[in-house]
Amino acid sequence: MSILPVMDLLEGQVVRGVGGCREEYRPILSVLCADAKPVTVGRAFAQGLGFREVYVADLDAIQGAEPAWDVYRELTGCGLGLWLDAGLSDVRQARRMSELEVSDIRLAGIVAGLESVPGPGALVTMLDHVGPGRLVFSLDLKNGRPLTDSPEWRNVTPESILDQALRIGIQRFIILDLAQVGVGKGVGTESICRDLRRCAPRTQITAGGGIRSVDDVLALQRIGCDAVLVASALHDGRITEHEVS
């Protein structure tokens, strides 16, 4: 079981996500570092806590802006491999992401989020270009409902979307309810994670959104999760360097 630290990037700063209400996100205040610059936070994660990978949600790119390539390079320079969510929505972007390592950006995972992917057909094409070892499908929820504008996914259950993704060939999953992010109430997706593990024992499952303490991490481990996304609990000191190691 591993802890994967999270950076939400907005307008050049690392911000604190709260309940998925992005208009209310503000730069982090952290016990780990003196400011909210991505490179400062990256060094704190890598050098202070010993992390080797980080989940990066580029909120500007998710909302249509150009991805923050220079920031990604800075984070790679800190010694971090990136799980990158930059609003992947078409095959051109998938191809560009899959070729990023030639630009000195090390990607440990290319995230295709439900919020951004137009539908199952696009997910098939992305998987063909990126490959099952690197593509990570994020089941983005808000208050338990799929966060999507896709007509094919809008009125179906989270479980149905996961079943489609499994049949497509997805092997790496993130289960994330944005309404739980930063509010300290737990992830709220335990039953989905448990069911996914039961029906797909060889997949990689990462849960996130609302981790309060190491007790939540251990509870998710017991139901079969491989990793958890954590941000606020690290910055607030509720999960410490000792517990990370």
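Peer 1: Before we go on, may I ask you to explain the environment of K142 in this structure?
Peer 2: Counting through the fold element by element, K142 comes out in strand β7 (residues 135-142). The exposure class assigned to K142 is partly exposed, which follows from its relative accessible area of 30%. Sequence-wise, K142 and W153 are 11 residues apart; in three dimensions their C-alpha atoms are separated by 14 Å.

Peer 1: Is there a simple way to think about the packing of helix α6 (residues 158-168) against helix α7 (residues 190-199) in this case?
Peer 2: Between two packed helices, both the angle of their axes relative to each other and the distance between the axes serve to describe the pair. Contact geometry of α6 with α7 gives a least axis separation of 11 Å together with a crossing angle of 30°. Put simply, α6 runs roughly parallel to α7. For the pair α6 and α7, the crossing hand works out as right-handed. Judged by residue contacts, P158, E159, L162 and L166 of α6 engage I192, L196 and C199 from α7.

Peer 1: What is the right way to read the state of the cysteines from this model?
Peer 2: In a disulfide, the sulfur atoms of two cysteines are held together by a covalent bond. Under the criterion given, the structure shown has zero disulfides. There is no disulfide at C78, and the cysteine sulfur nearest it, in C33, is 11 Å away.

Peer 1: Where do I start with the pattern of salt bridges in this structure?
Peer 2: For the structure on display, the rule yields eight salt bridges. R198 is the salt-bridge partner of D195, the closest N and O atoms lying 2.8 Å from each other. Here the residue D195 and the residue R198 both occupy positions in helix α7, the gap between them amounting to three residues, near one helical turn. Residue R198 is classed as exposed on the basis of its relative accessible area of 57%. Taken together, the salt bridges that share partners define one network made up of R16, D236 and R238.

Peer 1: Hey, could you run me through the packing of aromatic side chains in this one?
Peer 2: Aromatic rings considered in pairs are described by the distance between their centres and by the relative angle of their planes. Throughout the structure, instances matching the rule amount to four aromatic pairs. Look at F45 and F51: their rings are 6.0 Å apart centre to centre, the planes differ by 90°, and that puts the pair in the edge-to-face class. Grouping residues by exposure puts F45 and F51 together as buried. Residues W69 and Y72 carry aromatic rings whose centres are separated by 5.7 Å and whose planes lie at 85° to one another, so their mutual orientation is edge-to-face. Placement of the pair is W69 and Y72 together in helix α3 (residues 69-77), with a separation of three residues, close to one helical turn. With relative accessibility at 0%, the residue Y72 sits in the buried group. Aromatic rings pair up to connect F137, W153 and F173 into one cluster. It is R172 that lies over the ring of W83; its NZ or CZ is 4.8 Å from the centre.

Cut-off values and rules
Residues numbered from 1 in each chain as written. Predicted model: local features only at pLDDT ≥ 70, side-chain atom pairs only at ≥ 80, totals over all residues. Heavy atoms only, no water. Helix = DSSP H or I, 4+ residues; strand = E, 2+ residues; numbered from the N terminus. Buried < 20%, exposed > 50% of the residue type's maximum accessible area, 1.4 Å probe, protein only. Axes fitted to C-alpha atoms, helices over the stretch in contact; angles between N-to-C directions. Parallel < 35°, antiparallel > 145°, perpendicular 65-115°, else oblique. Left-handed = near helix turned anticlockwise from the far one by under 90°. Contact = heavy atoms within 4.5 Å. Disulfide = S-S within 2.5 Å. Salt bridge = Lys/Arg side-chain N within 4 Å of Asp/Glu carboxyl O. Phe/Tyr/Trp six-rings, centres within 6.5 Å; stacked < 30°, edge-to-face > 60°. Lys NZ or Arg CZ within 6 Å of the ring centre and 35° of its normal.

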